[in-house]
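# Structural characterization, general
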Amino acid sequence: MIAPALNPALHPAALAFAGRHQPRVWEPIVWILALVFYFAFPNHLGFGTELLITILFALSLDLVLGYAGIVTLGHAAFFGVGAYTVGMLAYHGFWNEPISSLMLAAIVAALVGLGSGLVLLRTQGLTLLMLSLCTMALLEEAANLGHEYTGGFDGLASLPIPKLLGLFEFNPLYPRTQYVYVLTVLFISFLFIRTVVYSPFGQSLTGIRENTLRMHAVGSPVRARLVTCYTISAAIAGIAGGLWAQANAYVNLTTLGLDRAAMVLIVLILGGCGRMYGAFVGAVAYMVLAHFLAKLYPTAWQLGLGFLLVVIALFARNGILGIGEALLRRFRAKRMPR
Amino acid sequence: MTACLLETNALGRSFGALAAVSGVEFRLDAGARHALIGPNGAGKTTFINLLSGVLQPTLGRVVLKGRDITGIPEARRVKLGIARTFQINRLFRGLTVLENVYIAVSERVGAAADMFRPAGARGDVIREAMHLLAMLKLEDDAGRRVSELPYGRQRLVEIAVALGLKPEVLLLDEPAAGVPSAESHIILDAVGRLSKDIGVLIIEHDMDVVFRFAERITVMVGGRIFAEGTPKEIAADPEIRAVYLGQHSHV
Ligand SMILES: Nc1ncnc2c1ncn2[C@@H]1O[C@H](COP(=O)(O)OP(=O)(O)OP(=O)(O)O)[C@@H](O)[C@H]1O
Ligand SMILES: [Mg+2]
């Protein structure tokens, strides 16, 4: 029935799909900008480091929320677990070598993600939202009460973080090492997330997001997929938290509170969910806005962010990147009529 | 002579006091073209939900090739060869047509758990998905989002996704429902061209289609099997004409 000359596998849509994981021309720009920042703003590397950590954290959330469609309000739980893993091991003198500490943070956060995911992901919607919130609240309370180990409300300060690779000092006043270190970890993590997102596994996550019921009907082990995704995401959030503890040389309860969970959600929604680069755009927009709004209106700056979020939720469901994509489509449609 | 593929014994499902399906003895043969007809609310969709595992029965058994699959969940039944379409589209609306079929095919061939290779590198999966789309004349919509397609085309995607599972048993729940009659023939042609290796059970309201397509017809009324036979037998049965076919005087 099909003429061999018109092989459907060579159809433009098939070819586009086959090559969709290839890097776009503009993708290196993001990383070049991050390097330019290092040289252009040597006095703002603390801000830059914080920004990069936020991006990594938002990326981990994008995997569960943007790709798999798991609506969670408790993602800071994993950030906090990562931060406290690094902090407690270093503070109590067990282990503080930066890179292996980070891996331990990832493993512990992944285990917490796996354990809570096995329970949470049996539920959906509002129940899942509340349970994720409860999990985080429980961990926060545990960190608060166990002050012998966690430092309680004050947290653990002056963590002894040794030189990176025995060469580069983590100087809190001039965080050059932190910036480059965090940027490197972000880049590696990003490559990993990008691979997962464009894999058949990543595609099946989008299927679960779009129609969970149909995924059952195509024979997909939905819950196993979700738990796997949640565990990976938790590990990455744990790395982000571990980096935060190392970069600041302290941990405290802010690492696993609702404020941080809400912040990362706002960042992602602002930038655009399910797009990977939404995390970058959202984090930059959020942190820059928060920075300037806080200077302008020291007491009420969060009001401005709240207002922006309302505008985004009402008029631009796909965030800043979504606006950009829509403009680009319109521009292309004008240039190529028909 | 033909082998029995899927069969039910005393299958029943109640919703509270309502027995939506009860005491159904049914058999689908390999390669069958079998139609299930009956008035609205007769329990046809519920019956397909029981066969595909979307619902658990309150009574009775479902047997696939001699194996009791009553307790087996939906996703695992797919692996055993049962696929279905839905009366109301259940598609990945925000994804492209190709992605929709890719997801089904990749689950079937076991590619979907792979997270370290690009989806685009699975040329076998893409090729198979595109061939299915070509068969259903959907290839020119391959790159479009399902939500952008007219409803009739979406119904075709619904079938393409099920065919991507290479089923032995295909359950079609009113595949042409909601499609303007000018377009419904495209869908029914596609159904007519399905491979003879598949046993097909189709729920359909259009009697012309039923009599053209089916080699066997089961009539369901009030959750029970009211009659079963060849199209000739069903058409000749005066009781069925009275109960169900009354409004189709041209039969
Ligand atoms: N999940 C459910 N909960 C309660 N009642 C249900 C449920 N599903 C179906 N029913 C009821 O069971 C009966 C049979 O419904 P079903 O959808 O199987 O009919 P049908 O033959 O497919 O009808 P139609 O031709 O309208 O699609 C109806 O009375 C319906 O209201
Ligand atoms: Mg029905």
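Structure first, text after, so check above.
Here is a short report on the structure shown in this document.

Parameters and conventions
- Residues numbered from 1 in each chain as written.
- Chains lettered and ligands numbered in written order.
- Predicted model: local features only at pLDDT ≥ 70, side-chain atom pairs only at ≥ 80, totals over all residues.
- Heavy atoms only, no water.
- Helix = DSSP H or I, 4+ residues; strand = E, 2+ residues; numbered from the N terminus.
- Rg over C-alpha atoms; globule rule 2.2 N^0.38 Å.
- Buried < 20%, exposed > 50% of the residue type's maximum accessible area, 1.4 Å probe, protein only.
- Contact = heavy atoms within 4.5 Å.
- Areas by Shrake-Rupley, 256 points an atom, 1.4 Å probe, with all protein chains shown as cover.
- Lys, Arg positive; Asp, Glu negative; His and termini not counted.
- Charge placed at Lys NZ, Arg CZ, Asp CG, Glu CD.
- Buried area = accessible area lost by both parts, 1.4 Å probe.
- Salt bridge = Lys/Arg side-chain N within 4 Å of Asp/Glu carboxyl O.
- Polar contact = N/O pair within 3.5 Å; in protein donor to acceptor, adjacent residues only side chain to side chain.
- Nonpolar A, V, L, I, M, F, W, Y, C, P; charged D, E, K, R; others polar.
- Axes fitted to C-alpha atoms, helices over the stretch in contact; angles between N-to-C directions.
- Parallel < 35°, antiparallel > 145°, perpendicular 65-115°, else oblique.
- Left-handed = near helix turned anticlockwise from the far one by under 90°.
- Donors = N, O, S within 2.8 Å, 3.2 Å for Na, K, Ca; no water.
- Near = heavy atom within 4 Å.
- Phe/Tyr/Trp six-rings, centres within 6.5 Å; stacked < 30°, edge-to-face > 60°.

## With respect to the overall build of chain A
- Along the backbone of chain A there are 15 helices and zero strands.
- What you see for chain A is a C-alpha radius of gyration of 21 Å, in line with the 20 Å of a compact globule of 338 residues.
- If you line up chain A on its principal axes, its C-alpha atoms span 75 × 45 × 45 Å.
- Taking all 338 residues of chain A together, 50% fall into the buried category.
- Relative to all contacts within chain A whose residues are 6 or more apart in sequence, the contacts with residues 24 or more apart total 76%.
- Of the roughly 16500 Å² that chain A leaves accessible, carbon and sulfur atoms contribute 70%.
- On chain A, the mean spot of the 20 positive side-chain charges and the mean spot of the 12 negative ones are 20 Å from each other.

## Remarks on the interface of chain B and chain A
- At the interface, 43 residues of chain B touch 38 residues of chain A.
- Note on chain B versus chain A: buried area summed over both sides is about 3400 Å², and carbon and sulfur give 68% of it.
- Measuring nitrogen to oxygen at the nearest pair gives 2.5 Å for the salt bridge that ties Arg214 of chain A to Glu158 of chain B.
- Between chain B and chain A we count 15 residue pairs in polar contact (both at pLDDT 80 or more) in total.
- Looking at the side of chain B that touches chain A, the elements that each hand over two or more residues are helix 2 (74-79), helix 3 (97-109), helix 4 (123-135) and helix 5 (151-163) of chain B.
- In terms of residue class, the side of chain B that touches chain A is built from 24 nonpolar, four polar and 15 charged.

## Some remarks on the pattern of salt bridges
Residues and elements named next belong to chain B.
- Under the definition given, this model contains 17 salt bridges over all chains.
- One salt bridge in this structure joins Glu128 and Arg108, with 2.6 Å as the shortest N-O distance. Here Glu128 is found in helix 4, whereas its partner Arg108 is found in helix 3, with 20 residues between them in sequence.
- The shortest N-O distance in the salt bridge between Asp141 and Arg144 comes to 3.3 Å.
- The class of Asp141 is buried, set by a relative accessible area of 7%.
- Several salt bridges share partner residues, and in doing so they unite Asp141, Arg144, Glu148 and Arg153 into one network.

## So, the packing of helix 4 (residues 76-91) of chain A against helix 6 (residues 125-145) of chain A
Residue and element names in this part refer to chain A.
- Where helix 4 meets helix 6, the closest approach of the two axes is 9 Å, and the angle between their N-to-C directions is 30°. Classified by the interaxial angle, the pair formed by helix 4 and helix 6 is roughly parallel. Note on packing geometry: the crossing formed by helix 4 with helix 6 is left-handed. Packed against helix 4, whose contacting residues are Ala76, Ala77, Val81 and Tyr84, the element helix 6 presents Met136, Leu139 and Ala143 at the interface.
- Of the residues that constitute the contact of helix 4 with helix 6, the class distribution is seven nonpolar, no polar and no charged.

## As for the coordination of the magnesium ion (ligand 2)
Residues and elements named next belong to chain B.
- Distances from the magnesium ion (ligand 2) to its protein donors, namely Thr45 (OG1) and Gln87 (OE1), fall within the range 1.9 to 2.1 Å. On the criterion of sequence distance, the pair formed by Thr45 in helix 1 (residues 44-52) and Gln87 in the loop between strand 6 (82-84) and helix 3 is long-range, its members being 42 residues apart.
- Gln87 sits in the partly exposed class, given a relative accessible area of 30%.

## Some details on the site of ligand 1
All names here are of chain B.
- Lining the immediate surroundings of ligand 1 are 14 residues, of which Gly41, Lys44, Thr45, Thr46 and Gln87 lie closest.
- Between ligand 1 and Gln87 there is a distance of 2.9 Å, counted from an oxygen atom to a side-chain nitrogen or oxygen.
- Taking His205, its side chain carries an N or O atom lying 3.2 Å from an oxygen atom of ligand 1.
- Coverage of ligand 1 by the protein chains reaches 61% of its 630 Å² of free accessible surface.
- Broken down by secondary-structure element, the contributors of at least two residues to the shell around ligand 1 are strand 2 (18-29) and helix 1.
- No other element matches helix 1, which puts three residues into the shell around ligand 1.

## Things to note about the packing of aromatic side chains
Residues and elements named next belong to chain A.
- Per the counting criterion, the structure on display carries 18 aromatic pairs over all chains.
- Ring geometry for Trp31 and Phe280: centres 5.6 Å apart, planes at 85°, overall edge-to-face. Of this pair, Trp31 sits in helix 2 (residues 27-40) while Phe280 sits in helix 13 (residues 277-296), and the two are 249 residues apart along the sequence. Taken as a pair, Trp31 and Phe280 share a single burial class, namely buried.
- Between Tyr277 and Phe280 the ring centres are 5.1 Å apart and the planes differ by 35°, which places this aromatic pair in the tilted class. Here Tyr277 pairs with Phe280, and both are found in helix 13, just three residues apart, close to one helical turn. Like Phe280, Tyr277 is buried.

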